[in-house]
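# Structure at a glance
Given next are the chains, with one letter for each unit.
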Amino acid sequence: MDDTITLLRRIDAYVEELFAPSDEALAAALRDTEEARLPEIQVSPAQGKLLYLLALISNARRILEIGTLGGYSTIHLARALPDGGELISLELEEEHAEVARRNIERAGLAGSVEVRVGDARASLAEMVEADAGLFDLIFIDADKEGYPEYLDHALRLSHPGTVILGDNAIRGGSVIDASDTTSSAMREFNQKLAEGPRLEAIVLPILRERIDGLAIARVRA
Ligand code: SAH
Ligand code: DHB
Ligand code: MG
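The sections below set out a description of the structure shown in this document. (Residues numbered from 1 in each chain as written. Chains lettered and ligands numbered in written order. Predicted model: local features only at pLDDT ≥ 70, side-chain atom pairs only at ≥ 80, totals over all residues. Heavy atoms only, no water.)

## So, the site of ligand 2
Every residue close to ligand 2 is listed here: I41, D141, K144, D167, N168 and R208. Between ligand 2 and the protein, one listed contact pairs an oxygen atom with a side-chain N or O atom of K144 at 2.9 Å. Measuring from an oxygen atom of ligand 2, one finds a side-chain N or O atom of R208 at 2.7 Å. Computed on the free molecule, ligand 2 has an accessible area of 300 Å², of which 66% lies beneath the protein chains in the complex. Its residues assigned to classes, the shell around ligand 2 shows one nonpolar, one polar and four charged. (Near = heavy atom within 4 Å. Polar contact = N/O pair within 3.5 Å; in protein donor to acceptor, adjacent residues only side chain to side chain. Areas by Shrake-Rupley, 256 points an atom, 1.4 Å probe, with all protein chains shown as cover. Nonpolar A, V, L, I, M, F, W, Y, C, P; charged D, E, K, R; others polar.)

Encoded structure:
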């Protein structure tokens, strides 16, 4: 088992070096996120590249992110936007949003990205209520307990073909049978993705600090 993890780490490092090299804006975003003592729970470089590619492949012009932190995943996603595209990222903590805005600005993406502060539950309800338009791609990555509810909101903000992504869908395997509230919520989220009549989905295992997963779903026509 240890050997397998060691090999997976070497493989991830190989893939990262080849396909997901860092650059000035990404490195500065990670550095400032760390210096501001925000939790170091952003996506990995390889997963950031995967998010970027999924946004490109789905031709996303409007992207919604739930859970900004320091804006590391935001930068990856926003880089896939075409001219005139936009990304709205929802974040509970004003302090996280401030760090993210600086990182996004430095990456040259301030013109296409808006970081909105508040509980995502309220922000999402507001967006549904205001009929503020639908999204082509929605990345869920905030508090895990909220995922089932975020998915319901995401579906209201989706059109046929919208791609819905969920980070941390495996959480070291705890999602399989652990009984804590976080694991139960993620299990419920995955089950909703699997059984939702408007969805086709899969969970892709991913190596981070531990084995985790990215849920990938598409809203049916
Ligand atoms: N997507 C980021 C990581 C996000 S970490 C990246 O990969 O770079 C999760 C973030 O969700 C944290 O910044 C946390 O403050 C935020 N969050 C937690 N609960 C939230 C809520 N109820 N509404 C909005 N954001 C929330
Ligand atoms: C945690 C949250 C995340 O979004 C993540 O990708 C990793 C860890 C956490 O809250 O521990
Ligand atoms: Mg996450």
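Okay, back to it.
## Re the environment of L92
With respect to the helices and strands, L92 occurs in the loop between β2 (86–91) and α5 (94–106). A relative accessible area of 52% means that L92 is categorised as exposed. Separated by 28 residues in the primary sequence, L92 and A120 have C-alpha atoms spaced 6.8 Å apart. Here L92 is in contact with V117, G118 and D119, once residues within four sequence places are set aside. (Helix = DSSP H or I, 4+ residues; strand = E, 2+ residues; numbered from the N terminus. Buried < 20%, exposed > 50% of the residue type's maximum accessible area, 1.4 Å probe, protein only. Contact = heavy atoms within 4.5 Å.)

## What to know about unusual backbone geometry
Most of the time, phi is negative for any residue but glycine, and the peptide bond is trans. Here the phi dihedral of R37 falls at roughly 60 degrees; this positive angle occurs in a residue that is not glycine. Inspection of the secondary structure assignment puts R37 in the loop between α2 (24–35) and α3 (45–57). You will see that N59, though not glycine, has its phi angle at about 55 degrees, which is positive. With respect to the secondary-structure elements, N59 resides in the loop between α3 and β1 (62–66). Overall, the relative accessible area of 63% leaves N59 in the exposed class.

## Side note on the site of ligand 1
Around ligand 1 there are 22 residues in total, and S73, E91, H96, A120 and D141 lie nearest to it. Between ligand 1 and the protein, one listed contact pairs an oxygen atom with a backbone N or O atom of L69 at 3.3 Å. H96 is positioned with one of its side-chain polar atoms (N or O) 2.8 Å from an oxygen atom of ligand 1. Expressed as a share of its isolated accessible area of 580 Å², the protein-covered part of ligand 1 is 92%.

## Some words on a nonpolar patch on the surface
Taken together, L7, L8, I11, Y14, V15, L18 and F19 make up a surface patch of nonpolar side chains, about 640 Å² in accessible area. Among the secondary structure elements, L7 is positioned in helix α1 (residues 2–19). (Patch = residues over 30% accessible without salt bridge, like charges linked within 9 Å, V, L, I, M, F, W, Y side chains within 5 Å. Salt bridge = Lys/Arg side-chain N within 4 Å of Asp/Glu carboxyl O.)

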